[in-house]
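Per-entry structural report
The chain contents come next:
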Amino acid sequence: MTTVESAPAPSGPPRKRTSLSGGKGLSTVRRSVDPVVGVWLAALAVTILGWIVVAAQGGNFLTTSNAVAILQNCVALGLVAVGQSAVILTGSLDLSVAYLISLGTLVAAETMASGGVVTAVLAVLALSVAVGLVNGLIVTGLKVNAFIATLGMAFILRGWIEDNYTGPAGEVPVSFQRLGYDRIGPIPVSVFLLIAVAALMWLITRRTRLGHHMYATGGDEHAARLSGVRTGRTVVLAHVLCSLCVGAAALFLAARLAAGAPWAGTEARYDLESIAAVVLGGTALAGGRGGVAGTLGGVFVLAVLDSVFNQLSVDPFFKNVVRGVVIIAAVALYARPRRTPKPPKALPEGRTA
Amino acid sequence: MSAPTDTGTPAKNVPAATPGKRVVRALGTGIPVYVLLVVLLLALLVTDPGFYEPDSFLSFVKRAAPLVILAAGQYLVIVCGEFDLSVGAIVTAGVVVAAELYGSFPDAHWLVVTAVLLVGGALAGLVSGLITTVLRVPSFITTLGMMLILEGAVFFWTGGSPQGVLPSAFRQLGRGTAFGWLPWAVVACLVAGTVAVLVTRSDFGRTLLATGDSDRAAALSGVRVIRVRTVAFILSGAAAALAAVLVGGFSGVSAQAGRGYEFEAITAVVLGGVVLGGGRGSVVAAMAGAFSLQALFTLLNLQGVSGALESTVQGVIVIAAVGLGAADWSRLRGRRTPSGSGPPGSTPTGAAPPGPTPPRPTPPTGTHPSGGTPS
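Here's a quick rundown of the structure. (Residues numbered from 1 in each chain as written. Chains lettered and ligands numbered in written order. Predicted model: local features only at pLDDT ≥ 70, side-chain atom pairs only at ≥ 80, totals over all residues. Heavy atoms only, no water.)

1. A closer look at the overall build of chain B
Heads up, the rule is: For helices the rule is a DSSP run of H or I covering at least 4 residues; for strands it is a run of E covering at least 2, with both sets numbered from the N terminus onward. Using a 1.4 Å probe on the protein chains alone, a residue whose accessible area is under 20% of its type maximum counts as buried, one over 50% counts as exposed, and one in between counts as partly exposed. Any two residues having at least one pair of non-hydrogen atoms within 4.5 Å are treated as being in contact. Working definition of accessibility: Shrake-Rupley area with a 1.4 Å probe, residue cover restricted to the visible protein chains.
Helix and strand counts for chain B stand at 14 helices and two strands. Counting every position in chain B, which comprises 375 residues, the buried fraction comes to 53%. Pairs at least 24 residues apart make up 77% of the contacts formed inside chain B by residues separated by at least 6 positions. When the accessible surface of chain B is totalled, it reaches about 15300 Å², and 66% of it is carbon and sulfur.

Written out as structure tokens, the structure is:
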């Protein structure tokens, strides 16, 4: 946020007030917390609350096995959400991730059944790059709104899947299933995969020129272009990065399921869930603010909630109700401080009459 | 979605010189969708010469009715700059609630049940609207949460498998006919369409457009932005409930009744040239978009495209249609600002140095992002 913080207020229509003020320099009591800190505090609060509730029911929440299960549950959604944050930061959106996951697991499992594991991994990543590239090019080249472009891509992938597969297909060798089930010490290997991908994405968004361009494009595409950023290229690259993360999620799920499944991505609604996690993590839906660290916090909150519900054996449908309430309430809490007028600190440099 | 990176925001003040241009202006952003609709209807005629027999054509309109009604409601929400992803869940919930109501009160009059559904839909819209406007949660998240809540609640209530039967009096609106030939669904569709057009022509409709264009400007000129947006959500919820009555009539009780309708409705509206992000577009074009989508489904069916590939073709055509719409417009208007990502007033003044160096041009109308609505 440091680089974009000093940028002039986005000149786009001010209707999207999703974004959270960075909170620097606000001395009012109602100053908003840095969203990243906020979401991790929320995660902590949810954990403690869950611990108390479960303990009250006579269960034990903070066991090693449960903690490991929570981490394991983070992986798939976490990978998708990390990718999703890249596109959302850039001011775009990807609704095709769910079907890309499904297709990814199918391609992975089928290729592994006939060829080598390496070939399969490469095939999935190539598929991801292709889908991301097409998404990005449709958004930037044809100037189709990202919502429609990626929704259309989702339909295309769905048709492809339904035309070619009717059920689980392919087979994942035991050697590759280790990605889904092995542990290093108490921690599953897949968690390291998530950490690695997230760290890489963090480095890209925060430490490289591409990352700065992504923030600039998401903050105000027009201003970014006028400042010499190749916004089109940036958006395309963001889509490719997102799809690569989704490909990683597909590989993980293939390892986990030991086969490819047409419902791997759609049943868990990774498209909408990942967007919810990203926004829960404090990233502005309009782009330009937020980051990977917050997204991971959002994913963690959702995973902890899930675990608490499982421990209490809450009805799965009721779980959805609570989940919806939590998502809305959390975002409402973030959005709230924005109601106080921003102190006029941006005025002197921003608008010298 | 997010930032209105939409292209093809048509300039409002196109100088009306020739009659041709005036027609173009009257049709507004909808031209591509009317062309698409005509093409699809002609293709239907070629594929199935019997398509324009009154019976089969009316049944086509009947099948399109729920989507048209949903699109009209969705238009109101989109044009004021928001989203409503909860309409599909409202349709599902409506159908299931109707069945449950009949389970408890088998003798209830269908009008009562319909009214209850409409009020319930409006209530769901009211809640979404208030959360979006007062609590300032982005509508994408609000309505996504509302979708989770409604679906979860319905299935929780019914234990996962909604069942029950809808009496034929209730299903009459969905599958019955008036005077023996005119399906009630078509009547409902016409009424809803007329109401939608009247609403957009009214003062409220104009403030709705103004709000979507720039809520700050609208607020400064006296529009009660919160109220206007909330009313849009209420109307969308009620429209979804009406669609639920029709869908319940067609296909009876099912847990999948409304699945996917939210995206279809948004697709229809965008096909109609309405800009996601608000401020541009006409409701007639949005409803034409819904008809086009239904015509496309019918055509794919008749062409014998395997059910599976259907969604692929649909995806390609939707992307292509929206892409063509965007392209056509920038050519027609002589390419002013490429991709209007700024408000209409913020055309880049002064040739900004295209170099990558810092001189960061501040658009003249750098609106303050935190400017709330003055009450």
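2. Notes on the overall build of chain A
When its secondary structure is counted, chain A shows 15 helices and two strands. The contacts in chain A between residues at least 6 apart in sequence include a share of 78% that link residues at least 24 apart. A total of about 14000 Å² of accessible surface is found on chain A, and carbon and sulfur atoms cover 65% of it.

3. A look at the pattern of salt bridges
Pairing between side chains becomes possible if they bear opposite charge and their charged atoms approach one another. Here is the rule we go by: By salt bridge we mean one thing: a side-chain nitrogen of Lys or Arg within 4 Å of a carboxyl oxygen of Asp or Glu.
With the rule as written, the count across this model stands at nine salt bridges over all chains. Here A:R158 makes a salt bridge to A:E162, at a shortest N to O gap of 3.8 Å. Linking A:R158 with A:E162, this pair stays in helix 6 (residues 146-164), spanning four residues, or about one helical turn. With a relative accessible area of 28%, A:R158 lands in the partly exposed category. As a salt-bridge pair, B:E82 and B:R229 come within 3.3 Å of each other at their nearest N and O atoms. Of this pair, B:E82 sits in the loop between helix 3 (54-79) and helix 4 (87-104) while B:R229 is found in helix 11 (residues 225-251), placing the two residues 147 residues apart along the sequence. Note on B:E82: relative accessible area 8%, which makes it buried. Each of A:E273, A:D306, A:K319 and A:R323 takes part in a single network of salt bridges with overlapping partners.

4. Observations regarding a nonpolar patch on the surface
To keep things clear, this is the line we draw: Patches in this entry comprise residues that are over 30% relatively accessible and not in a salt bridge; like charges within 9 Å are linked, as are nonpolar side chains (Val, Leu, Ile, Met, Phe, Trp, Tyr) within 5 Å.
On the surface, a cluster of nonpolar side chains totalling about 670 Å² of accessible area is made up of A:V37, A:L41, A:L44, A:I48, A:W51, A:I52 and A:L62. Structurally, A:L41 is set in helix 2 (residues 35-56).

5. A closer look at the nonpolar core
To be explicit about the condition: Residues belong to one nonpolar core when they are buried, are Ala, Val, Leu, Ile, Met, Phe, Trp, Tyr or Cys, and are joined through side-chain atoms within 4.5 Å.
Of all hydrophobic cores here, the largest spans 195 residues; its most connected members are A:F147 and B:F140. Take this core: its biggest share by element is 16 residues, from helix 3 of chain B.

6. A word on unusual backbone geometry
The residue A:K143 is not glycine, and still its phi comes out positive at about 55 degrees. Tracing the chain through its elements places A:K143 in the loop between helix 5 (117-140) and helix 6. In this structure, B:R136 is a non-glycine residue whose phi angle is positive, near 60 degrees. Among the secondary structure elements, B:R136 is positioned in the loop between helix 5 (110-133) and helix 6 (139-158). Residue B:R136 is classed as buried on the basis of its relative accessible area, which comes to 11%.

7. Description of the packing of helix 4 (residues 97-114) of chain A against helix 12 (residues 270-280) of chain A
Residues and elements named next belong to chain A. Applied cut-off: With axes taken as lines fitted to C-alpha atoms, and helix axes fitted only over the stretch in contact, angles between N-to-C directions fall between 0 and 180 degrees. For this classification, under 35 degrees means roughly parallel, over 145 means roughly antiparallel, 65 to 115 means roughly perpendicular, and everything else is oblique. Residue type decides the class: Asp, Glu, Lys and Arg count as charged, Ala, Val, Leu, Ile, Met, Phe, Trp, Tyr, Cys and Pro as nonpolar, and the leftover types, Gly among them, as polar.
Relative to each other, helix 4 and helix 12 sit at 125 degrees, their axes nearing to 7 Å. When the axes of helix 4 and helix 12 are compared, the pair comes out oblique. Judged by residue contacts, V97, A98 and I101 of helix 4 engage Y270, D271 and S274 from helix 12. Residue classes in the contact of helix 4 with helix 12 are distributed as four nonpolar, one polar and one charged.

8. What about the side chain of A:H239?
All names here are of chain A. Mapped onto the elements, H239 comes out in helix 11 (residues 231-257). Accessibility expressed as a relative area gives 0% for H239, which makes it buried. Apart from residues no more than four positions distant in its own chain, H239 is found in contact with V87, S92, L93, D94, G132, N135, G136, V139 and T150.

9. Structural notes on the packing of aromatic side chains
Put simply, the rule reads: The rule is short: rings of Phe, Tyr and Trp, with Trp giving its six-membered ring, pair when the centres are within 6.5 Å, and they are stacked under 30 degrees, edge-to-face over 60, tilted in between.
Counting across every chain of the model gives 14 aromatic pairs over all chains. Between A:F317 and B:F155 the ring centres are 5.4 Å apart and the planes differ by 40 degrees, which places this aromatic pair in the tilted class. Of this pair, A:F317 sits in helix 14 (residues 316-335) while B:F155 sits in helix 6, placing the two residues on different chains. Given the relative accessible area of 26%, A:F317 is considered partly exposed. Considering the side-chain rings of B:Y102 and B:F170, the 5.7 Å spacing of their centres and the 65 degrees angle between planes classify their relative orientation as edge-to-face. Here B:F170 lies in helix 7 (residues 168-175) and B:Y102 lies in helix 4, a separation of 68 residues in the sequence.

10. Details of helix 8 (residues 189-207) of chain A
Residue and element names in this part refer to chain A. For the record, the criterion: Multiplying 1.5 Å by the helix residue count minus one yields the expected span of that helix. The arc in question is traced by the directions running from the helix axis to the C-beta atoms.
Between the first and last C-alpha of helix 8 there are 26 Å, a value that for 19 residues agrees with the 27 Å anticipated at 1.5 Å per step. For helix 8, the complete set of buried residues consists of S190, V191, L194, V197, A198, M201, I204 and T205. All buried residues of helix 8 fall inside an arc of 155 degrees around its axis, so they share one side. Structural note: helix 8 exposes L200 and R207 on the side pointing more than 90 degrees away from its buried face. Residues of helix 8 that are buried in the fold lie against helix 3 (64-89), helix 7 (174-181), strand 2 (187-188), helix 9 (209-219), helix 11 and helix 13 (292-311).

11. Describing the environment of B:A219
Position of B:A219 relative to the elements: it lies in helix 10 (residues 215-220). C-alpha of B:A219 to C-alpha of B:V46: the two residues are 173 residues apart in sequence and 51 Å apart in space.

12. Overview of the environment of B:Y261
Residues and elements named next belong to chain B. Note that Y261 resides in helix 12 (residues 261-271). Taking C-alpha positions, Y261 is 21 Å from Q163, a pair spaced 98 residues apart along the chain. Dropping the residues within four chain positions of it, Y261 is found in contact with P66, L67, L70, G88, V91 and V247.

13. Focus on the side chain of A:T111
Residue and element names in this part refer to chain A. How we decide: A 3.5 Å cut-off defines polar contacts: any pair of N or O atoms within that distance qualifies, except that in protein one atom must be a possible hydrogen donor and the other a possible acceptor, and neighbouring residues in sequence count only when both atoms are side-chain atoms.
Its location among the elements puts T111 in helix 4. At 2.5 Å, the side chain of T111 and the backbone oxygen of V107 are in polar contact. Residues in contact with T111, not counting those within four places in the same chain, are G116, T119, A120 and A123.

In short, geometric facts, not functional conclusions.
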